[in-house]
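# Architecture at a glance
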Amino acid sequence: MIMKYFKKVLCVMLAALMLASFAACSGNSGDGAKKTLVMATNAYFPPYEYYEGQDIVGIDVEIMAAIAEKMGCDFEVADMEFDSIINAVDSGKADVGLAGMTVTEDRLKNVDFSDSYATSKQVIIVPEDSKIASPDDLNNVKIGVQLGTTGDIYISGDIEDGVYTGSSVEQYNSGMEAVLSLTQGKIDAVVIDEQPAKVFVEKNEGLKILDAEYVEEEYAIAVKKGNTELLDQINEVLAEMKENGELQQIIDKYITAD
Ligand code: ARG
């Protein structure tokens, strides 16, 4: 009898829990309309986000689509300049920002970040015959970066701090444009995240990635500061996807181990 009662209570509690965890998207209007989670990104960053025809695909898109589905939400991707993403999340124009976005102290002042879903590093791309062999050789050269990325922030900071002398930073709207400029001999090196670097080097003749990496970092999902409800739900689903291998499956689909 008591057991039965407990079971009932447990059921009610579980149901309430489930309701709570789906609350974000069930729509409070009662008309059954689902909320749409808008993901802000910059879709020139393979394999995390890039265009395949009209569609934006990639690791980040699949991760967020899976999270949205588990939350019972519809899902939509909004492509924008990389340095507009934080603002879009902060202003509520977007619910989340996923863009191979590195967690930094500075960004944490404006948004909250989920648990990390990937690690990465900044690498240096140079022409095959370049004299640049390591980060120590970045003096008296022109270095291309994507505007507002950690590559930009680190290199600009290092030049300002006098770590590198006689060098300048060339900021591009996308990593691809920076790499194009490199192939045209307009700049001497590009600093960018490892996986996009691999894709760009594969697609363009005469380039290589230096063995020595520049900085290590963690990617995470940005949400509006203080939106702990959404953040908790995202972290919960992320943990589940790490646990059941779903996250790794998505990554493996786009990145082959070398
Ligand atoms: N990880 C770097 C950063 O957070 C670069 C990200 C660029 N992402 C993109 N989708 N373009 O600054």
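Refer to the preceding data block for the structure.
Residues numbered from 1 in each chain as written. Predicted model: local features only at pLDDT ≥ 70, side-chain atom pairs only at ≥ 80, totals over all residues. Heavy atoms only, no water.

## Remarks on the layout of surface pockets
To be explicit about the condition: Detection works on a 1 Å grid of protein atoms alone, calling trapped sets that fit a 1.4 Å probe cavities and calling open sets with protein on both sides within 12 Å along at least five of seven lines pockets, with lining residues defined by an atom within 4 Å of a point. Grid points are joined across faces, edges and corners, and a volume is the space filled by probe spheres set on the points. Here a helix means four or more residues in a row that DSSP labels H or I, a strand means two or more in a row labelled E, and each is numbered from the N terminus. In this classification, the charged set is Asp, Glu, Lys and Arg, the nonpolar set is Ala, Val, Leu, Ile, Met, Phe, Trp, Tyr, Cys and Pro, and all remaining amino acids, among them Gly, are polar.
The calculated volume of the largest pocket comes to roughly 280 Å³. Around the largest pocket, the lining is made up of 12 residues, and of these Gln195, Lys198, Val199, Glu202 and Tyr254 lie nearest the centre. Ranked by the residues each element gives to the lining of the largest pocket, the list is headed by helix α7 (residues 194-203), at 5 residues. Taken together, the residues of the lining of the largest pocket break down into 6 nonpolar, 2 polar and 4 charged. In this model, the second largest pocket occupies a volume close to 220 Å³. Around the second largest pocket sit Tyr48, Ile59, Tyr117, Ala118, Thr119, Ser120, Lys121, Glu194, Gln195, Glu216, Ile251 and Ile255, which together line it. Breaking the lining of the second largest pocket down by element, the ones donating at least two residues are β8 (118-127) and α7. Looking at the lining of the second largest pocket element by element, the count peaks at 4 residues for β8. The class makeup of the residues in the lining of the second largest pocket is 6 nonpolar, 3 polar and 3 charged.

The analysis is restricted to geometry; functional conclusions fall outside its scope.
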